Amino acid sequence: MACMNKHCMRYGIITLVLLTIGLVPSLGASAQQKRYTVLIDPAHGGAETGVVSDKLREKDLTMNLALLIRQEAKQKANFDVQLTRSDDRAVTVAERRKAAAVLKPDCLLSLHVNAGFGKKASGYEVYFPGFQQTIVGGNESAAILKDMEKNKYLNDSVRLAQAIQTGLESVFPRQGRGLRDAPSPLLDGLTMPGVIVEIGFATHQEDRKKLTDESVQRAVARALVADLWKYFQKMP
Ligand SMILES: [Zn+2]
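Sequence order as written defines the numbering, with residues in each chain counted from 1. Only residues with pLDDT of at least 70 get local features here, since the model is predicted, and only at 80 or more are side-chain atom pairs given and counted; chain-wide, interface and lining totals rely on the full set of residues. With hydrogens and water excluded, all non-hydrogen atoms of the structure serve as input to the side-chain values.

What follows covers the pairing of strand E6 (residues 124-129). Partly exposed describes any residue whose relative accessible area lies between the buried limit of under 20% and the exposed limit of over 50%, with all areas from a 1.4 Å probe on protein chains only and scaled to the type maximum. Comment: elements are numbered from the N terminus, with helices defined as DSSP H or I runs of at least four residues and strands as E runs of at least two. Among the 6 residues that make up E6, 6 are buried, leaving the element largely enclosed by the rest of the structure. The criterion for strand pairing is that DSSP finds at least two bridges linking the strands in question. Across 5 bridges, the pairing between E6 and strand E7 (residues 176-182) is parallel. In the strand pairing of E7, Tyr 127 is matched with Arg 180. Relative to strand E8 (residues 194-201), E6 is paired through 3 bridges, and the arrangement is antiparallel. Bridge pairing in E8 links Glu 125 to Glu 198.

Counting buried residues along strand E5 (residues 107-114), 8 of its 8 residues qualify, which places the element largely inside the surrounding structure. Residues Cys 107, Leu 109, Leu 111 and Val 113 line one face of E5 and the alternating positions Leu 108, Ser 110, His 112 and Asn 114 line the opposite face, and both faces are buried. Bridge analysis of strand E1 (residues 36-42) against E5 gives 5 bridges, and the strand direction is parallel. Paired with Ile 40 across the two strands is Leu 109, which belongs to E5. Where E5 meets E8, 6 bridges bridge the pair, whose relative direction is parallel.

Another aspect to go through is the packing of helix H2 (residues 58-73) against helix H6 (residues 214-233). The geometry of a pair of packed helices is captured by two quantities: the angle between their axes and the separation between those axes. To get an axis, fit a line to the C-alpha atoms, keeping to the stretch in contact for a helix; angles then go from 0 to 180 degrees between the N-to-C directions. Relative to each other, H2 and H6 sit at 55°, their axes nearing to 8 Å. Put simply, H2 runs oblique to H6. Judged by the twist between their axes, the crossing of H2 over H6 is right-handed. Here H2 contributes Leu 61, Asn 64, Leu 65, Leu 68, Ile 69, Gln 71, Glu 72 and Ala 73 to the contact with H6, which in turn contributes Gln 217, Arg 218, Val 220, Ala 221, Arg 222, Leu 224 and Val 225. Roughly parallel refers to an angle under 35 degrees, roughly antiparallel to one over 145, roughly perpendicular to one between 65 and 115, and oblique to any angle outside these ranges. Crossings are assigned a handedness: left-handed for a near helix turned anticlockwise from the far helix by less than a right angle, right-handed for a clockwise turn. By the convention used here, residues are in contact when the closest approach between their heavy atoms is within 4.5 Å.

Here we come to the sheet that holds E1. If you trace the 6 strands from one edge of the open sheet to the other, you get E4-E1-E5-E8-E6-E7, paired in mixed fashion. Taken across any chain shown, the strands that pair with only one partner, and hence form the sheet edges, are strand E4 (79-83) and E7. Taking the axes of each pair of neighbouring strands and ignoring which way they run, one obtains an average angle of 25° across the sheet. Packing of helix H3 (residues 93-103) onto the sheet brings it into contact with E1, E4 and E5, and relative to E1 it is tilted by some 175°.

Another aspect to go through is the confidence of the model for the protein chain. pLDDT expresses how confident the predictor is about each individual residue, on a scale running from 0 to 100. When pLDDT is averaged across the protein chain, the result is 85; 81% of the residues are at 70 or more. In this model residues 13-31 is a low-confidence stretch, pLDDT under 50, and it forms 0 contacts with partners more than four residues away in sequence or in other chains. Per-residue pLDDT stays below 50 along residues 133-137; that stretch engages in 8 contacts with residues further than four places along the chain or on separate chains.

Right, let's talk about the coordination of the zinc ion for a bit. Each metal site is built from N, O and S donor atoms within 2.8 Å (3.2 Å for Na, K and Ca), and since water is not included, such sites may look incomplete. Binding of the zinc ion to the protein goes through His 44 (NE2), Glu 58 (OE) and His 112 (ND1), at separations of 2.1 Å. Going along the chain, you hit the donors of the zinc ion in the pattern H-x13-E-x53-H. Of the two residues, His 44 sits in the loop between E1 and strand E2 (52-53) while His 112 sits in strand E5, which places them 68 residues apart along the sequence. No difference in accessibility class separates His 44 from His 112, as the two residues are buried.

Here it is as structure tokens:
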């Protein structure tokens, strides 16, 4: 039977106040413990080898790096790494985009290895999705809102690209080839920040030597995890 006298009511109010006070710090703690999810995309796989040069196959290197990133990220609390593939299999761009759309990660990082521009080209490049998309027609305010949302992802992508560029400098000093803005079938139109890293040139002898060295791979993975973490900590 419910207690309805004055004493009980006062007791109830005090309990409510205490509960409320008790809740405040725990809410604060949970806000600080936001989990971040990164979708790592090891490019190529299966019959699609990507760049092959000497013993380096792009699909193997991107896979190794992705697994190392996942391993390194385990040392950070509240940091989840998911992969678009975790073994040597072919995954289409549409399937990778679908994985991103379903998971809704805080950001997407696609790993590639570069080739070409002559045998002298070397170093790493970071790409973010281009500015080329424009919204035409339709409900004007909806279009503006969509545009603002798109710009937010673009700004975040640029910020992420900058963080990664700075972080990789610690592994490959003076090897950065700059941030590049380019259309990407993987990233364009996705509702999340995303960047593509071309980690080095398979066609450059020194780059190839470094990239196939497991200790360098681990250093790259560690740097990328630190960069992602820094990017999340500075999130508005
Ligand atoms: Zn590639």
